[in-house]
2 protein chains.
Amino acid sequence: MSSSDRGSTVSRRRLLGTGAKATVLGLALLGVAAAPPRGTGDLALVVERASGTVQIVDTTARQVVSRVAGLGDLSHATAVFSRDARHAFVFGRDGGLSKIDLLAGEVVARVVQAGNSIGGAISDDGTIVAVGNYAPGGVKLFATGSLAPLADIPALTAGGAMRSKVVGLVSAPGRRFVVALYDAGEIWLIDCADPAAPLVRKYPGIGRLPYDGNITSDGRFYIAGLFGEDGLALLDLWNPDAGVRRILDGYGRGEEPLPVYKMPHLAGWGRAGGLLLVPAVGRHEVLVIDTAQWREVKRIPVRGQPVFIVVRPDGRQAWVNFALPDSGTVQVIDMLTLAPMRDLQPGKAVLHMEFSPRGEQMWVSARDSGKVVVYDSRTFAILAELPSQSPSGIFMAARAHTMGR
Amino acid sequence: MSSSDRGSTVSRRRLLGTGAKATVLGLALLGVAAAPPRGTGDLALVVERASGTVQIVDTTARQVVSRVAGLGDLSHATAVFSRDARHAFVFGRDGGLSKIDLLAGEVVARVVQAGNSIGGAISDDGTIVAVGNYAPGGVKLFATGSLAPLADIPALTAGGAMRSKVVGLVSAPGRRFVVALYDAGEIWLIDCADPAAPLVRKYPGIGRLPYDGNITSDGRFYIAGLFGEDGLALLDLWNPDAGVRRILDGYGRGEEPLPVYKMPHLAGWGRAGGLLLVPAVGRHEVLVIDTAQWREVKRIPVRGQPVFIVVRPDGRQAWVNFALPDSGTVQVIDMLTLAPMRDLQPGKAVLHMEFSPRGEQMWVSARDSGKVVVYDSRTFAILAELPSQSPSGIFMAARAHTMGR
């Protein structure tokens, strides 16, 4: 075991204060990794965007375990997890890709692989981490073990006239990734059977300015939200020859949209009982889509412009946060009545929400209140508040086992 | 760290042979827990029914990590996992409830809590393990930490005339469990808000001899299969006041059923795109149910009497194993065409099948061939064969994060 393990132990002791066991110090003096053995299934990572650090938290004890520094610019940072749920891969806004050991509480590998990256995903077999980059626009593949580069896929459009930003990078079954090209208006399906020579199938002309994309929890349907027009683009991975089709075309029906204060996300959408909830761009509405017919069945009026819509794993509720000036509120939608049932005020500038894998807890980051708030999702009681430095994204290690991530 | 940790290290070295690192021995001599740190998300447990042992396996390396002995009668044994995916709870046929530390490879707690138990589940918040017992028939609750008893719920029918075997015990959202009473023909919904004084809501008269029950992956619908008549009993937990309704009533339509060689299971059923696949009792058929209308939409002819039907996490395939004389075959059903697409012969007496959480691997136990066979679920190539002593159930630690278990 290495000296860096000792270092992490010290920082863990500092965080835990006097609660740390005496044996920890004793073992550290022997030069032995001192972290007691533990399972990794209930760990989570909280991005502290202002300080370029992440907190590793125990969602059972609802306590901070360690803090990891040196991760660069973490505004808008996201994370995915290795197949064994031991390591997190953090995608920074500065193009940094950092591999973090959740047990040791330290960075074990880091590459600055682009000038500006937006997120990434792990292949279903756990061997490849793919990063989507704004600048230079494209997708890069790395080995999850060493972060050795595997392939570089520039997002060049036909004729090479433009290099597009990419958004909505997800993992799909069969060692594949799907991504949308913001400037080019395309969806790309990337087959990594040979990760050194990925095969790209391109779907051009899907609509103007796809701002985000996501895949249904079964890994079948990829959907890109369009910023440049009212509508969504849908690709059925079970039938990729059928091409991309437009759904919810013109959902604004010619109404003048409101100015958009914050780009919404499809990252936290929810699918429950055949219904999919997505934010209506520039509107105080949540769109409800029937995924059997891919038609709008309802629009739910909400308090502000929705940013994230996160459905509880059992599909019984959806939690929605909002752009300014409503970023201090979270609304809970009852999925049986498809109407808001509860307003919560976790703190100032709610940036992200993450359910525990079975849904009994909801973790909410309130950036400008400097805390993460943990709710009992059934009673709405606050179970814990954890101090955090400008927290943004919250990512549970159980994401390791879900498709798309 | 304890001397039992040292013991487990030795057994791990024996299993791994000369590949174990020299540092392991060095640390063991210092009296320090020597197991290198590792994530627990990719571990799995294989029940070796004849020897009363379980293998702990690494599904990434596809290797055996350790073997744990002293678990009693493991015929028909099942396992669930703690919230942190560190511990497994194994339910033995002899009523033994054993808590296993997957990292140390040892039993850390064990109670013989009944004469004959059939399985169990963990509450959504990870605090309670519930066991369903045949004899004496009922449900017992234990604290997941210490296995301290919390409550005993005898399966007494109205008037106390009968104590029923219970089957199909699952966990439901909101610290609840659901179970079916085989002899009594009832479904019970058990609310454990106060685990020392659980509240039981009873649904009598659901049909004759429910042989198993399961809950949909969203935790909303509980379904019991009936052995004494052709049909299934359905409880919607979003509307428990509506009671239990019968679905697929009389699916045999008066035909004479075949003799049943092995009780089928609902434990591995699958729900894909609104379709639910269940075995037709005593028939060479898989029933396909539309979960929007709860009607039979198709019956798929298969090679034998289905035992388990396991849908791949992406819903694209279902794998089916069979009772004698077809227990050496596994059939793969294409979920787009709802027809068998492939026959596989993993070995003699295929007892169980478990997909990796993202579905890229399928693990199959072939009891009488003494091996576990790992398939690439896309190409059907055999990735590994692991020697195992009469393997039966295979349980991935990622079950910790799924509802029902």
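The rules behind these values
- Residues numbered from 1 in each chain as written.
- Chains lettered and ligands numbered in written order.
- Predicted model: local features only at pLDDT ≥ 70, side-chain atom pairs only at ≥ 80, totals over all residues.
- Heavy atoms only, no water.
- Least-squares fit on C-alpha atoms with pLDDT ≥ 70 in both.
- Contact = heavy atoms within 4.5 Å.
- Pairing = 2+ DSSP bridges.
- Helix = DSSP H or I, 4+ residues; strand = E, 2+ residues; numbered from the N terminus.
- Axes fitted to C-alpha atoms, helices over the stretch in contact; angles between N-to-C directions.
- Buried < 20%, exposed > 50% of the residue type's maximum accessible area, 1.4 Å probe, protein only.
- Lys, Arg positive; Asp, Glu negative; His and termini not counted.
- Salt bridge = Lys/Arg side-chain N within 4 Å of Asp/Glu carboxyl O.
- Polar contact = N/O pair within 3.5 Å; in protein donor to acceptor, adjacent residues only side chain to side chain.
- Domains from an automatic or database assignment.
- Buried area = accessible area lost by both parts, 1.4 Å probe.
- Phe/Tyr/Trp six-rings, centres within 6.5 Å; stacked < 30°, edge-to-face > 60°.
- Lys NZ or Arg CZ within 6 Å of the ring centre and 35° of its normal.
- Core = buried A, V, L, I, M, F, W, Y, C linked by side-chain atoms within 4.5 Å.

S.K.: Tell me about the relation of the copies chain B and chain A, residues and numbers included.
M.R.: Between chain B and chain A, the superposition needs a rotation of 180 degrees and an axial shift of 0.0 Å, giving an RMSD of 0.0 Å. Between the two chains, the operation in question is that of a two-fold axis. A shared interface surface links the copies, since 100% of the contact residues of chain B are contact residues in chain A too.

S.K.: Give a detailed account of the sheet that holds strand β18 (residues 232-236) of chain B, specifying residues and quantitative values.
M.R.: All names here are of chain B. Spatially, four strands are ordered β16-β17-β18-β19 in an open sheet, and the strand pairing comes out antiparallel. Each end of this open sheet is capped by a strand with a single partner; those strands are β16 (210-215) and β19 (244-247). Between one strand axis and the next, the sheet turns by 25 degrees as a mean value, whatever way the strands run. For strand β17 (residues 221-226) and β18, the ladder comprises five bridges, and the chain directions are antiparallel. Along β18, the bridge assignment pairs Ala224 with Ala233.

S.K.: I'd like a description of the side chain of Asp376 of chain B, backed by residues and values.
M.R.: Residues and elements named next belong to chain B. As for its placement among the helices and strands, Asp376 is situated in strand β30 (residues 371-376). Buried and unpaired, Asp376 has no salt bridge, with Arg378 as the nearest side chain of opposite charge at 4.8 Å. A distance of 2.8 Å separates a polar atom in the side chain of Asp376 from the backbone nitrogen of Arg378. Not counting chain neighbours up to four residues away, the residues in contact with Asp376 comprise Glu360, Ala381 and Leu383.

S.K.: Tell me about the domain arrangement of chain A, and name the residues and values.
M.R.: All names here are of chain A. Entries for chain A in the domain assignment read domain 1 (40-112 + 352-371 + 386-405), domain 2 (117-262) and domain 3 (264-345). Listed by partner, the interface residues are 10 residues for domain 1 and 11 residues for domain 3. Overall, the association of domain 1 and domain 3 removes approximately 820 Å² of surface from exposure, summing both partners, and the carbon and sulfur fraction of that is 81%. Taken as a group, His352, Met353 and Phe355 account for 64% of the area that domain 1 buries against domain 3, more than any other trio of residues on that side. Taken together, the connections running from domain 1 to domain 3 amount to zero salt bridges.

S.K.: Explain the sheet that holds strand β32 (residues 391-396) of chain A to me, using residue names and the numbers behind them.
M.R.: Residue and element names in this part refer to chain A. Pairing in this open sheet of four strands is antiparallel, and the strands run β3-β2-β1-β32 from one edge to the other. If you trace the sheet from one side to the other, it starts and ends with β3 (63-68) and β32, each paired once. Between one strand axis and the next, the sheet turns through 25 degrees on average, direction left out of account. Pairing of strand β2 (residues 53-58) with β3, which is carried by five bridges, proceeds in the antiparallel orientation. Residue Val54 lies in a different strand from β3, and its bridge partner there is Val68.

S.K.: An account of the packing of aromatic side chains is needed here, citing residue identities and associated values.
M.R.: Overall, the coordinates contain eight aromatic pairs over all chains when judged by the stated rule. Aromatic pair Phe221 of chain A and Trp294 of chain A: ring centres 4.8 Å apart, planes at 70 degrees, arrangement edge-to-face. Separated by 73 residues along the polypeptide, Phe221 of chain A in strand β17 (residues 221-226) and Trp294 of chain A in the loop between β22 (285-290) and β23 (295-301) bring together distant segments of the chain. The class for Phe221 of chain A is buried, based on a relative accessible area of 9%. By relative accessible area, Trp294 of chain A is classed as buried at 7%. Grouped by ring-pair contacts, the aromatic residues Trp319, Phe355, Tyr375 and Phe380 of chain A constitute a single cluster. Against the face of Tyr134 of chain B rests Lys165 of chain B, its NZ or CZ located 5.7 Å from the ring centre.

S.K.: Can you break down the pattern of salt bridges residue by residue, with the values?
M.R.: Residues and elements named next belong to chain A. Enumeration according to the criterion identifies 42 salt bridges over all chains in this entry. Linking Glu285 and Arg299 is a salt bridge whose minimum nitrogen-to-oxygen distance equals 3.1 Å. Pair noted here: Glu285 is in strand β22 and Arg299 is in strand β23, with a separation of 14 residues, a long-range link. Here the two residues Glu285 and Arg299 agree in accessibility, since each one is buried.

S.K.: Any details on the environment of Pro313 of chain A? Residues and values, ideally.
M.R.: Within the secondary structure layout, Pro313 of chain A lies in the loop between β24 (306-311) and β25 (317-322). Considered as a pair, Pro313 of chain A and Pro357 of chain A are 44 residues apart in the sequence and their alpha carbons are 6.8 Å apart.

S.K.: Give me the lowdown on the pairing of strand β30 (residues 371-376) of chain A, citing residues and values where you can.
M.R.: All names here are of chain A. Most of β30 sits inside the fold, with six of its six residues counted as buried. Pairing between strand β29 (residues 361-366) and β30: six bridges, direction antiparallel. Paired with Trp363 across the bridge in β30 is Val374. Counted along the chain from β29 to the antiparallel partner β30, the turn is four residues long, and its residue Gly370 has a positive phi close to 60 degrees.

S.K.: Got a sec to walk through the nonpolar core? Specific residues and values, please.
M.R.: Residue and element names in this part refer to chain B. Counting 32 residues, the largest nonpolar core has Val178, Ile187, Tyr222 and Trp294 as its most contacted members. Of all the elements in the fold, those that place two or more residues in this core are β12 (166-172), β13 (176-181), β14 (186-191), β16, β17, β18, β21 (275-279) and β22 (285-290). Per-element tally for this core: the top contributor is β17, with five residues. Residue contributions to this core reach at least three from each of two domains, namely domain 2 (117-262) and domain 3 (264-345). Look past the residues within four positions of Val178 in its chain and what remains in contact with it is Gly168, Leu169, Val170, Ala172, Ile187, Trp188, Leu189, Tyr222 and Leu237.

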